[in-house]
Amino acid sequence: INDVQQQQQQQQPNRQKILLCPAHTYMAMATTTANNKLPPSSSSPCYLLIMLWTTTSMMMIMMSNKHYCGAFLGSGSTTTITKTTSHFANMNTRSSNPSTLLVAPLSAKKTAKRGGGGGGGFGGGGSTSTNKKNKKKGRLISTLNDENKPKKKSNAQTYVKSEQDALLQSLATQSATNPIGRAVSSSPYYNTPDMDPFWELMPSLISSKFPQVSDDQLTRVAGFVRHTLNPGLPLEDEIINNPWRPHDEIHAYMPGLGPTQPFLDPSSLDLCQQLSTNYDTIQSEYKALLDDMSSKQKDRFQSVTSMNYDSGWKTLVLFYNGHRIPNFPYHLCPVTTKIMESVPLAGRIAGFNRQMPQSGIPLHSDGNNMWLTCQMGITIPSKDKAWIRVGEETKHWKEGECLLYDTTYEHETFNGSEEGEERVVLHVDFFNTLKMTEVEIEIMRYIYHLREEFMKAEGVAKVGAQIL
């Protein structure tokens, strides 16, 4: 809240206080307070109102929506849902600072079986009364702050629901005609109870977040939205006619990215060059992380799928869904971290992958054509015993060298060492900077972020498995 106040004071010192009505706003809180700062455009009343309406309308619709979490980038199964609610309350209109937005959060939790319902969870959040002890404490603080001076009359504007509704309707009308809006309206579920409310909100949210983006810049993103909401739409011939790219496993598809191939030239990407140049340092940082785990008796290696466990593959995760891991010792691997953060990270995990000897990842493909994968050899068995096949091409890892490949092709790995040597590579999934524009990547990361927060607000278990 302090960060919000400071930013508002710096940007708009004469701005009047905004009074919001009590509402259940987990989504607004989660999105606007990420990393303790507001998104670039979220200081506008329009954005705040949209995010407020996002939860109050969207979440109530979702309670009765049987398809609310299955229409984005593939779906997973969940048996129990925990609903978390909170609301803005006790708006203090006595502040002499006209730019201050005061919030008192309240929360309540309820559980319900899959399918929605569960008694709502959007009613009163509980009492907001203050006990006598707190009142005395408040008077002491007022005295120390010399608050006995005559208070100035507040210039706060009262919340008017009709004005909010008119503002939201105006933005929705404008955004409905852009490529994203047209893509959403093309869904066979549009304007039906089965429509995923998340996507109904996307045109307005993207228009508010990226007001300067032209329709031409949105074309391929709109294509992604259209394919997400209409999984039966035909893919481009380049995928359909390629026997090494299982098109029936594609679940996140952006049309128009052009031809690709199993392995790409690592020299075409600055990431690969930076990793190879700093190989010795990265290898030392990996060993430092191992020593730290040993001294603290804490095993940080993990996996997000049972396939990886069964295949002898585990990951020392540095980033999950593109985010840093809380309490991770990044001070032990500053160079590795800096290089990885130089690209728009994607995918569930990024970090050091360990493959046990005489084990491998079975044949599979990843269904997202917007991502590429880079792997640099850290510790590689001798005599070319460790290999990876992507499509019809097979290559071997080398220490300090990168392999860059497209995982929409079927691929598999194997560590054939007979001397007990493990294979370790630094694994990085990232948005395809070779084909996608900066604007497209920024919008896609924004969509992924909102979807993740959206599903956290619903308490969906295993968020990563649901959205990726």
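The coordinates are above.
Residues numbered from 1 in each chain as written. Predicted model: local features only at pLDDT ≥ 70, side-chain atom pairs only at ≥ 80, totals over all residues. Heavy atoms only, no water.

(A) Region of the structure containing the sheet that holds strand S12 (residues 411-415). Sheet architecture is open: 3 strands sit in the order S10-S9-S12, paired in antiparallel fashion. Each edge of the sheet is formed by a strand with only one pairing partner; in this case those strands are strand S10 (393-396) and S12. Each neighbouring strand pair of the sheet contributes to a mean axis angle of 15°, computed without reference to strand direction. As paired strands, strand S9 (residues 386-390) and S10 are joined by 4 bridges and run antiparallel to one another. (Pairing = 2+ DSSP bridges. Helix = DSSP H or I, 4+ residues; strand = E, 2+ residues; numbered from the N terminus. Axes fitted to C-alpha atoms, helices over the stretch in contact; angles between N-to-C directions.)

(B) Up close: the environment of glycine 377. Structurally, glycine 377 is set in strand S8 (residues 371-379). Judged by its relative accessible area of 0%, glycine 377 is buried. Those residues in contact with glycine 377 that sit more than four places away from it in its chain are Tyr279, Lys398, Glu399, Gly400, Glu401, Val424 and Val425. (Buried < 20%, exposed > 50% of the residue type's maximum accessible area, 1.4 Å probe, protein only. Contact = heavy atoms within 4.5 Å.)

(C) Structural context of the packing of aromatic side chains. Evaluated as defined, the whole model comprises 12 aromatic pairs. Geometrically, the ring pair formed by tryptophan 387 and phenylalanine 414 is tilted, given 6.2 Å between the ring centres and 35° between the ring planes. Of this pair, tryptophan 387 sits in strand S9 while phenylalanine 414 is found in strand S12, placing the two residues 27 residues apart along the sequence. What makes tryptophan 387 partly exposed here is its relative accessible area of 24%. A residue is classified by how much of its surface remains accessible, and phenylalanine 414, at 29% relative accessible area, is partly exposed. (Phe/Tyr/Trp six-rings, centres within 6.5 Å; stacked < 30°, edge-to-face > 60°.)

(D) Up close: the nonpolar core. By size, the foremost hydrophobic cluster in this structure holds 35 residues, and its most contacted members are Trp199, Ile206, Met370, Phe431, Met444 and Ile447. Of all the secondary-structure elements, those providing two or more residues to this core are helix H6 (179-185), helix H7 (197-209), helix H8 (215-229) and helix H14 (438-457). The element contributing the most residues to this core is H14, with 9 residues. With sequence-adjacent residues up to four places away left out, methionine 444 is seen in contact with Val221, Phe224, Met254, Met370, Phe431 and Met436. (Core = buried A, V, L, I, M, F, W, Y, C linked by side-chain atoms within 4.5 Å.)

(E) Looking closely at the environment of leucine 403. By secondary structure assignment, the location of leucine 403 is in strand S11 (residues 402-405). Spatially, the C-alpha atom of leucine 403 lies 9.6 Å from that of isoleucine 388, the residues being 15 residues apart in sequence. The contacts of leucine 403, once residues within four sequence positions are left out, are Phe263, Thr373, Cys374, Gln375, Ile388, Lys395, His396 and Trp397.

(F) Expanded view of the packing of H7 against H14. H14 packs onto H7 with a crossing angle of 130° between their chain directions and a minimal axis gap of 11 Å. The angle between H7 and H14 places the two elements in the oblique class. Crossing of H7 over H14 shows right-handed handedness. Across the interface between the two elements, Phe198, Trp199, Met202, Leu205, Ile206 and Lys209 from H7 touch Ile443, Tyr446, Ile447, Leu450, Arg451 and Phe454 from H14. By residue class, the composition of the contact of H7 with H14 is 10 nonpolar, no polar and 2 charged. (Parallel < 35°, antiparallel > 145°, perpendicular 65-115°, else oblique. Left-handed = near helix turned anticlockwise from the far one by under 90°. Nonpolar A, V, L, I, M, F, W, Y, C, P; charged D, E, K, R; others polar.)

(G) Spatial organisation of unusual backbone geometry. One non-glycine residue, asparagine 321, adopts positive backbone phi at about 55°. Here asparagine 321 shows up in the loop between strand S5 (313-320) and strand S6 (323-324). Even without being glycine, lysine 383 reaches a positive phi, approximately 60°. By secondary structure assignment, the location of lysine 383 is in the loop between S8 and S9.

(H) Highlighting the side chain of threonine 337. By the element assignment, threonine 337 lies in helix H13 (residues 334-340). Here threonine 337 falls in the buried class, since its relative accessible area comes to 3%. At a separation of 2.8 Å, a polar atom in the side chain of threonine 337 contacts the main-chain carbonyl oxygen of cysteine 333. Once residues lying within four places of it in the same chain are set aside, the contact partners of threonine 337 are Leu318, Phe319, Arg324 and Tyr330. (Polar contact = N/O pair within 3.5 Å; in protein donor to acceptor, adjacent residues only side chain to side chain.)

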